Amino acid sequence: MIFKFKQFSVSQSQSAMKIGTDNVLLGAWVSVDHFPHRILDIGAGTGVLSLMLAQRSEAMTIDAVEIDESSFIECTENFENSPWSDRLFCYFASFQEFAEEMQGEEPYDLIISNPPFYTENYKTNSLARNKARFEDSLPFETLMDGVVQLLSDEGVFSVIIPFQEEERFISLAQSKGLFPQKITRVKGNEQSELKRSLIAFIKNKGEYTSDFLVIEKGRGQYTEAYISLTKDFYLKM
């Protein structure tokens, strides 16, 4: 099962979580205007976020960490088969283990994550999928503690989470010393409810900007804003 983008392809037959709109949104939305030298992708899955950032930036080090063995193997293969294999590396570990191991190492200028966020009520029969997509495998607080430890003073931490979790997530981040810099709230179409929040955090508190993104005008008809955001990646954009 191969997903083809304009500059790279991603195998996703083994990974618990397949490529979806959330990953592509985050990978395209994340700002690289501060020219990150070192990037970290937490919960890499297929590695698509890391690959998108390799395409978009000149970062010399793009590390990924993945806890599921099948996903780790596939992520590593996707990295090796990409045009940027010399800049990409995946670690097979939990984020807690990784953060502990990297203490005292050079910090990251950009940390990205599409973190697990569903609650007990949404669990499926797939253990791998549950691990990839449920918060008890990487609680938000644990995620935040590791990010604060690994992020450089001028670095940016960017995530995509359910809109209904936005207030709780921001409150938790602020208690750890991370403050919103930009928020983009996403809905499927004009009539639908807000579904996702894209949030960039920094260590310096200040005013933040916010806007909205609508994905579709109609069934299969994408808005100009969504096309503009993702056209460097999707083959048919």
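Described below are features of the structure shown in this document. (Residues numbered from 1 in each chain as written. Predicted model: local features only at pLDDT ≥ 70, side-chain atom pairs only at ≥ 80, totals over all residues. Heavy atoms only, no water.)

Following both chains from N to C, one finds helix α1 (residues 21-29) and helix α2 (residues 48-56) inclined at 25 degrees, their axes separated by 9 Å at the closest point. Relative to α2, the element α1 lies roughly parallel. Handedness of the crossing formed by α1 with α2: right-handed. Taking contact as the criterion, the partners of Asn-23, Val-24, Leu-26, Gly-27, Ala-28 and Trp-29 in α1 are, on α2, Val-48, Leu-49, Met-52, Leu-53 and Arg-56. Grouping the constituent residues of the contact of α1 with α2 by class yields eight nonpolar, two polar and one charged. (Axes fitted to C-alpha atoms, helices over the stretch in contact; angles between N-to-C directions. Helix = DSSP H or I, 4+ residues; strand = E, 2+ residues; numbered from the N terminus. Parallel < 35°, antiparallel > 145°, perpendicular 65-115°, else oblique. Left-handed = near helix turned anticlockwise from the far one by under 90°. Contact = heavy atoms within 4.5 Å. Nonpolar A, V, L, I, M, F, W, Y, C, P; charged D, E, K, R; others polar.)

Right, let's talk about unusual backbone geometry for a bit. For Phe-35, which is not glycine, the phi dihedral falls at a positive 50 degrees. By secondary structure assignment, the location of Phe-35 is in the loop between α1 and β3 (38-42). What makes Phe-35 exposed here is its relative accessible area of 71%. (Buried < 20%, exposed > 50% of the residue type's maximum accessible area, 1.4 Å probe, protein only.)

Per the counting criterion, the structure on display carries five salt bridges. Two residues, Arg-168 and Glu-165, come together in a salt bridge whose shortest N-O distance is 2.8 Å. The exposure class of Glu-165 is buried, given its relative accessible area of 13%. Between Arg-185 and Glu-166 there is a salt bridge, with the nearest N and O atoms lying 2.8 Å from each other. In this pair, Arg-185 sits in strand β8 (residues 179-187) while Glu-166 sits in helix α7 (residues 166-176), placing the two residues 19 residues apart along the sequence. By sharing partners, the salt bridges in this structure join Glu-141, Asp-145 and Lys-176 into a single network. (Salt bridge = Lys/Arg side-chain N within 4 Å of Asp/Glu carboxyl O.)

In the case of a regular strand, side chains alternate between the two sheet surfaces. In terms of burial, strand β4 (residues 61-66) is a largely internal element, five of the six residues being buried. Pairing of β3 with β4 involves five bridges; the strand directions are parallel. Paired with Asp-41 across the strands is Ala-64, a residue of β4. Handedness of the crossover is the feature at issue here: the chain leaves β3, passes through α2, returns alongside β4, and the resulting connection is right-handed. Pairing of β4 with strand β5 (residues 88-92) involves five bridges; the strand directions are parallel. Opposite Ile-62, over in β5, you have Leu-88 as the bridge partner. Handedness of the crossover is the feature at issue here: the chain leaves β4, passes through helix α3 (residues 69-80), returns alongside β5, and the resulting connection is right-handed. (Pairing = 2+ DSSP bridges. Right-handed = clockwise from strand over helix to strand, strands pointing away.)

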